[in-house]
Amino acid sequence: MQNTQNKQKIIMLVETGLLLSLSAVLSLPFLTVHSPWLMGGSVTFGSMLPVILISFRWNTKWGMFSSFVLSLIQLVMGLNNVNYAPNAGYAIAIILLDYVIAFSVLGLGNMFQNKVKNTLTAIVGGITVSYFLRFVCHFFSGWLIWDALWPNEQGMSGWYYSLVYNGSYMLPETLLSILIAVLSYAALKKFWERQA
């Protein structure tokens, strides 16, 4: 019994490490899309999907921990953004809203796992809601923090600019992640359903 539990823990740690590494690599600048419609940010090729998968395979608690670790990885990768803060209060707000909370909510990606019979429906619902929660974090950060530091050049109100700016990359990111999940579901069904 003890050997089985130890084996499960080792598998969980190895899978989590690999999936978090994949998530970090997929979010690197040379693997992101910068399109004319984007006002900022970038669209990745499903960089947040590995955390959703961790959550499905190992439960919400482990998914939240893993997405928190991802938030720290993203913070290190985007540390230059924190340098724009004029004081500690702004720096803490940027760290929390743009990184820690924004990425940690992805651990909730399995929220529909036991509530709907169809796993693919649960995956799509989890992606939609958890990505929307990330968008909300970036929206408030853009409106309350970044607009106060650098008002936009277009003369838009802060909340509207933040809505358009963050929506211009989070909506395509969400749709692309759903598309990747749907297209790859048949091949990865056992993995999503924790049979492998």
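Residues numbered from 1 in each chain as written. Predicted model: local features only at pLDDT ≥ 70, side-chain atom pairs only at ≥ 80, totals over all residues. Heavy atoms only, no water.

Engineer: Break down the environment of Asn-118 for me, citing the residues and quoting the values.
Structural biologist: For Asn-118, the location among the structural elements is in the loop between helix H5 (88-104) and helix H6 (119-149). Along the primary structure Asn-118 and Met-39 are separated by 79 residues, whereas in three dimensions their C-alpha atoms are 36 Å apart. A distance of 2.8 Å separates a polar side-chain atom of Asn-118 from the backbone nitrogen of Leu-120. (Helix = DSSP H or I, 4+ residues; strand = E, 2+ residues; numbered from the N terminus. Polar contact = N/O pair within 3.5 Å; in protein donor to acceptor, adjacent residues only side chain to side chain.)

Engineer: An account of the environment of Leu-149 is needed here, citing residue identities and associated values.
Structural biologist: Structurally, Leu-149 can be placed in helix H6. Expressed as a C-alpha distance, the spacing of Leu-149 and Pro-86, which sit 63 residues apart in the sequence, is 8.3 Å.

Engineer: Talk me through a nonpolar patch on the surface; I want residue IDs and the actual numbers.
Structural biologist: A cluster of nonpolar side chains, Phe-140, Trp-143, Leu-144, Trp-159, Tyr-160 and Leu-163, forms an exposed patch at the surface whose accessible area comes to about 570 Å². Broken down by secondary-structure element, the contributors of at least two residues to the nonpolar patch are H6 and helix H7 (158-192). Positionally, Leu-163 belongs in helix H7. (Patch = residues over 30% accessible without salt bridge, like charges linked within 9 Å, V, L, I, M, F, W, Y side chains within 5 Å. Areas by Shrake-Rupley, 256 points an atom, 1.4 Å probe, with all protein chains shown as cover. Salt bridge = Lys/Arg side-chain N within 4 Å of Asp/Glu carboxyl O.)

Engineer: How would you summarise H7 if you had to cite specific residues and measurements?
Structural biologist: Here H7 is 35 residues long, yet its end C-alpha atoms lie only 40 Å apart, well below the 51 Å a rise of 1.5 Å per residue gives. Taking the largest bend as the criterion, H7 deviates by roughly 85°, centred on Ala-186. Where H7 ends, the next residue or the one after it, Arg-194, has phi of about 60°, a positive value. (Expected span 1.5 Å × (residues − 1). Bend = angle between axes of the 7 residues up to and from the residue.)

Engineer: Just give me the short version of the environment of Asn-81, but keep the residues and values in it.
Structural biologist: Considering the arrangement of structural elements, one finds Asn-81 in helix H4 (residues 79-82). For Asn-81, a relative accessible area of 31% gives the class partly exposed. Apart from residues lying up to four places away in sequence, Asn-81 is in contact with Ile-94, Tyr-99 and Trp-146. Within the structure, the side chain of Asn-81 is placed 2.9 Å from the side chain of Tyr-99, a separation counted as a polar contact. (Buried < 20%, exposed > 50% of the residue type's maximum accessible area, 1.4 Å probe, protein only. Contact = heavy atoms within 4.5 Å.)

Engineer: Give a detailed account of the packing of helix H1 (residues 2-26) against helix H2 (residues 49-58), specifying residues and quantitative values.
Structural biologist: Where H1 meets H2, the closest approach of the two axes is 9 Å, and the angle between their N-to-C directions is 165°. Of the possible angle classes, the one that applies to H1 and H2 is roughly antiparallel. Crossing handedness for the pair H1 and H2: right-handed. Judged by residue contacts, Gln-8, Ile-11, Met-12, Glu-15, Thr-16, Leu-19, Leu-20, Leu-22 and Ser-23 of H1 engage Pro-50, Val-51, Leu-53, Ile-54, Arg-57 and Trp-58 from H2. Within the contact of H1 with H2, the residues separate by chemical class into ten nonpolar, three polar and two charged. (Axes fitted to C-alpha atoms, helices over the stretch in contact; angles between N-to-C directions. Parallel < 35°, antiparallel > 145°, perpendicular 65-115°, else oblique. Left-handed = near helix turned anticlockwise from the far one by under 90°. Nonpolar A, V, L, I, M, F, W, Y, C, P; charged D, E, K, R; others polar.)

Engineer: Tell me about the nonpolar core, and name the residues and values.
Structural biologist: Leu-106, Ile-123, Ile-127, Tyr-131 and Trp-192 are the most contacted members of the largest nonpolar core, which has 38 residues in total. For this core, the secondary-structure elements that each account for two or more residues are H1, H2, helix H3 (60-77), H5, H6 and H7. A per-element tally of this core places H6 first, with nine residues. (Core = buried A, V, L, I, M, F, W, Y, C linked by side-chain atoms within 4.5 Å.)

Engineer: Lay out the side chain of Glu-173 with the relevant residues and their values.
Structural biologist: Within the fold, Glu-173 resides in helix H7. Those residues in contact with Glu-173, other than ones at most four positions away along the chain, are Ser-42, Val-43, Thr-44, Gly-46, Ser-47, Met-48 and Tyr-131.

Geometry only, nothing functional implied.
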